[in-house]
Amino acid sequence: MRRFRFLRNPLATEIGNSVEAFLRYLGGPTSIFLEGADGSRTRAFVTLLHGNEPSGAMALFRWLKSARQPAVNTVCIIASVEAALASPLFSHRMLPGHRDLNRCFRPPFDDDQGLLAEEILEILRLHAPEAVVDMHNTSGSGPAFGVCTHMDRQHDALVSLFTGRMIVTRLNLGALMEISEHRYPTVTVEVGGRLDDCAHELAWSGLCEYLERPQVLAGDVVDWGLELLRNPIRLELNPGVELAYAEQPDPGVPVTLRPDIEQLNFGVVQADVPLGWVRDDLRSLFWAQDVSGRCAVARLLRVEEGRLFPAAPLKLFMITTNAAIARSDCLFYAIEQGGAEDSVPA
Ligand SMILES: [Zn+2]
């Protein structure tokens, strides 16, 4: 397997003239150390855990081309370079037959992706950063948001460099932030859709803030005015259940979702808004578990004459219209509006 390559202060002239050339120059997973004006502290920037999420790599390339010096030492981890380079560029979340790298940050570290995840944790441990930002894109279009597993003003401060919306979740998926969080304030930033120019711009402006500010943690500021969304529930398909996205129910699959469903990202979706069609009992098709481990399918969804609706007003986000991602990861995240989940402390 490919192990990490280590670079230090690469020159703008040696990293290529496009993001693709930059990734070919890296060749595989790479840790780039940038010496800061203040060499006594280090921050970490992680990106490309998912090879089809280009905004972070594009922003880092732009930063390196600008030949600026960060305020403090910065270690940049660019992980799934080979998956990103697999043709066509930036289309593979991971290489075929590999696990999702951002589900591998917990033992056992016994396959290629697990060893890569373990190496990322080791690089972070060696640098002991004051903060970690892990930059992603959503697969569908939608606004930016931050995610953290633990809420305090340090996390608020980090997320506010990028966006005014933060999701607080105790999901236990094996994601980097769940592990890294125990040692350093860590946030995941979803800068928006993987194909959206505004996501690439936000990645760039946010990265500049993160790298150039002498202080990125809270200091004396108490309230960052973020919109907080707590304890989202993942709606997943049961194993083997197929789905399609279409204007009409697809007779070949038990679940059809409307093709424009990602328009519902972050709005409150009322219980009379159609989501699609189903041809079976909800619990045989879907799986959803709330923070206390209870099945939440009936609280999220209802069926009326074969048409699928929310069971109650829901805020939905990370809605995908990519059937492969919907099957292997989830259809969307949902937050019940005014329900019991809102009162659970983070
Ligand atoms: Zn991602």
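Residues numbered from 1 in each chain as written. Predicted model: local features only at pLDDT ≥ 70, side-chain atom pairs only at ≥ 80, totals over all residues. Heavy atoms only, no water.

Undergrad: Which parts of the structure should I look at to understand the overall build of the protein chain?
TA: When helices and strands are counted, the protein chain shows 10 helices and 19 strands. With respect to the three principal axes, the spread of C-alpha positions in the protein chain is 65 × 45 × 40 Å. Counting every position in the protein chain, which comprises 346 residues, the buried fraction comes to 54%. Considering only residue pairs separated by 6 or more positions, the protein chain has 74% of its internal contacts joining residues 24 or more positions apart. Between the averaged position of the 32 positive side-chain charges in the protein chain and that of its 44 negative side-chain charges there is a distance of 2 Å. (Helix = DSSP H or I, 4+ residues; strand = E, 2+ residues; numbered from the N terminus. Buried < 20%, exposed > 50% of the residue type's maximum accessible area, 1.4 Å probe, protein only. Contact = heavy atoms within 4.5 Å. Lys, Arg positive; Asp, Glu negative; His and termini not counted. Charge placed at Lys NZ, Arg CZ, Asp CG, Glu CD.)

Undergrad: What should I look at first to understand the packing of aromatic side chains in this one?
TA: The description of two aromatic rings rests on the distance between their centres and on the angle between their planes. Enumeration according to the criterion identifies six aromatic pairs in this entry. Summarising the aromatic geometry, the rings of Phe22 and Phe61 are spaced 5.6 Å apart at their centres and angled 35 degrees between planes, so their arrangement reads as tilted. On the criterion of sequence distance, the pair formed by Phe22 in helix α1 (residues 19–26) and Phe61 in helix α2 (residues 55–66) is long-range, its members being 39 residues apart. By relative accessible area, which is 0% here, Phe22 ends up buried. Considering the side-chain rings of Phe145 and Phe317, the 5.5 Å spacing of their centres and the 70 degrees angle between planes classify their relative orientation as edge-to-face. Taken together, the positions of Phe145 in strand β6 (residues 145–148) and Phe317 in strand β18 (residues 314–317) put the pair 172 residues apart, joining distant regions of the chain. (Phe/Tyr/Trp six-rings, centres within 6.5 Å; stacked < 30°, edge-to-face > 60°.)

Undergrad: Can you help me understand α1 in this one?
TA: Every α-helix carries 3.6 residues per turn, so stepping three or four residues along brings you back to the same face. All buried positions along α1 are accounted for by Val19, Phe22, Leu23 and Leu26. Projected down its long axis, α1 carries its buried residues within an arc of 95 degrees, all on one side. Where α1 is buried, its residues meet β1 (5–8), β2 (30–34), α2, β4 (72–78) and α3 (81–85). (Arc of directions from axis to C-beta.)

Undergrad: What am I meant to see in helix α5 (residues 153–160) here?
TA: Within α5 the residues assigned to the buried category are His155, Asp156, Ala157, Leu158 and Val159. The inward-facing, buried residues of α5 contact β6, β7 (165–168), β8 (186–193) and α7 (197–212). The distance from a side-chain oxygen at the start of α5 to the backbone nitrogen of Gln154 is 3.0 Å, and the residue carrying that oxygen is Asp152. (Polar contact = N/O pair within 3.5 Å; in protein donor to acceptor, adjacent residues only side chain to side chain.)

Undergrad: Sorry, what's going on with the domain arrangement of the protein chain here?
TA: The accessible area lost on association of the parts is a frequent measure of interface size. The domain architecture assigned to the protein chain consists of domain 1 (5–229) and domain 2 (231–343). Of the residues lining the interface, 20 residues belong to domain 1; the matching set on domain 2 comes to 16 residues. Contact with domain 2 buries area across many residues of domain 1, yet Arg170, Leu171 and Leu229 alone supply 27% of it, more than any other trio. Run the count over domain 1 and domain 2 and you get three salt bridges. Run the count over domain 1 and domain 2 and you get six residue pairs in polar contact (both at pLDDT 80 or more). Elements represented by at least two residues in the side of domain 1 that touches domain 2 include exactly β7 and β9 (227–230). A total of three residues in the side of domain 1 that touches domain 2 trace back to one element, the largest contributor, which is β7. (Domains from an automatic or database assignment. Buried area = accessible area lost by both parts, 1.4 Å probe. Salt bridge = Lys/Arg side-chain N within 4 Å of Asp/Glu carboxyl O.)

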